[in-house]
Structures are given as C-alpha cells and as structure tokens.
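Notes for the structure review
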Amino acid sequence: MNSPSFHSFVLRKQPKMPALSGGGRDALSHSERYQEWEFHYSLMPVPARAAFFGTAQIHREGKRHCELPIFEPQCNALASIDLLREQCLAWIENCPVVANQPATSAN
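The structure reproduced in this document is the subject of the present report. Here, residues in each chain are numbered from 1, in the same order as that chain's written sequence. pLDDT decides what is reported in this predicted model: residues at 70 or higher carry local features, side-chain atom pairs at 80 or more are listed and counted, and totals for whole chains, interfaces and linings draw on all residues regardless. Side-chain metrics in this entry use all non-hydrogen atoms of the structure; hydrogen atoms and water are not considered.

Comments concerning the side chain of His59
For the purposes of this entry, the term helix denotes a DSSP run of H or I that reaches at least four residues, the term strand denotes a run of E that reaches at least two, and both are numbered from the N terminus. Relative to the assigned elements, His59 resides in strand E4 (residues 51–60). His59 gets classed as buried once you look at its relative accessible area, which sits at 15%. Working rule for contacts: check all heavy atoms of both residues, and any pair within 4.5 Å makes them a contact. Not counting the four nearest positions on each side in its chain, His59 is found in contact with Glu36, Trp37, Glu38, His40, Arg64 and His65. The cut-offs for exposure are 20% and 50% of the maximum accessible area for each residue type, with area from a 1.4 Å probe on protein chains only; residues under the lower value are buried, those over the upper are exposed, and the others partly exposed.

So, the nonpolar core
Side-chain atoms within 4.5 Å link the members of a nonpolar core, which is a set of buried Ala, Val, Leu, Ile, Met, Phe, Trp, Tyr and Cys residues. Grouped together as the largest cluster of nonpolar side chains are 19 residues, with contacts concentrated most on Trp37, Phe39, Tyr41, Leu43, Ile58, Leu84 and Cys88. Looking at this core, the elements that each hand over two or more residues are strand E3 (37–46), E4, strand E5 (63–69) and helix H1 (77–93). By residue number, the principal contributor to this core is H1, which donates seven residues. Residues contacting Leu43, with those up to four places away along its chain left out, are Ala27, Leu28, Phe52, Phe53, Gly54, Ile70, Ala77, Ser80, Ile81 and Leu84.

Concerning the pattern of salt bridges
The term salt bridge refers to a pairing of a side-chain nitrogen on Lys or Arg with a carboxyl oxygen on Asp or Glu at a separation within 4 Å. Tallying each qualifying case throughout the model produces five salt bridges. A salt bridge links Glu67 to Arg64; the shortest N-O distance between them is 3.3 Å. The partly exposed category is assigned to Glu67, whose relative accessible area is 37%. Measuring nitrogen to oxygen at the nearest pair gives 2.8 Å for the salt bridge that ties Asp82 to Arg85. Here the residue Asp82 and the residue Arg85 both occupy positions in helix H1, the gap between them amounting to three residues, near one helical turn.

Bear in mind that shape data such as this cannot, by itself, settle questions of function.
Below you can see the structure in the form of structure tokens.
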C-alpha cells in the first residue's frame, strides 16, 4: 500500500470558532490541503473526559464530499487531527471520484 507523503500538506491555521452550545469552551478549527483535496477539522474539547471529539470535512474543487467523525476520542487536539487526517486519506484512497481518474505523477 502506497502511503502519501505528508510533506505535500500545506497547513493553514484558522481562527477559533465561537463557543458552541453554552459549554463555555471554544471549538478548535484547522484546515489543510492534500493535493487537490482540502480537509477542514472541527474539534470540541470535552473536559469531563479529558478528550477531544470532532469531525473532518473533505472538500475538492469547492464541493464537500464527505464528513467524518472521530471514531475514538483523543487526549489532545494534535492527536485528534492526526487521527482525522488518517481517516480522510483512507476515504480518498477508496473514493469513487479518485478510483475513476487516471493516476497523476508524483513530485
């Protein structure tokens, strides 16, 4: 199985989103690009569980293709983003949009 190079990611920090549903805690957001795809992460700390829950939206050419949840809460935001990134890459690898396209040359 070919593993994509993480060096091709372009990271863009996004400002914090407003607090959600009266919890008093800010959600964290982050976006990054991988080839022609964009991943938009939204994380919510859950202090009672000392964990982060969240989702990743997968976009391509301005169109949202998928939204994936964290299937296992993580102890910090970076671990949550890493887990969501892995899920996004796995989704892209199995995506019918990608499967029906000719392979592009790698850098």
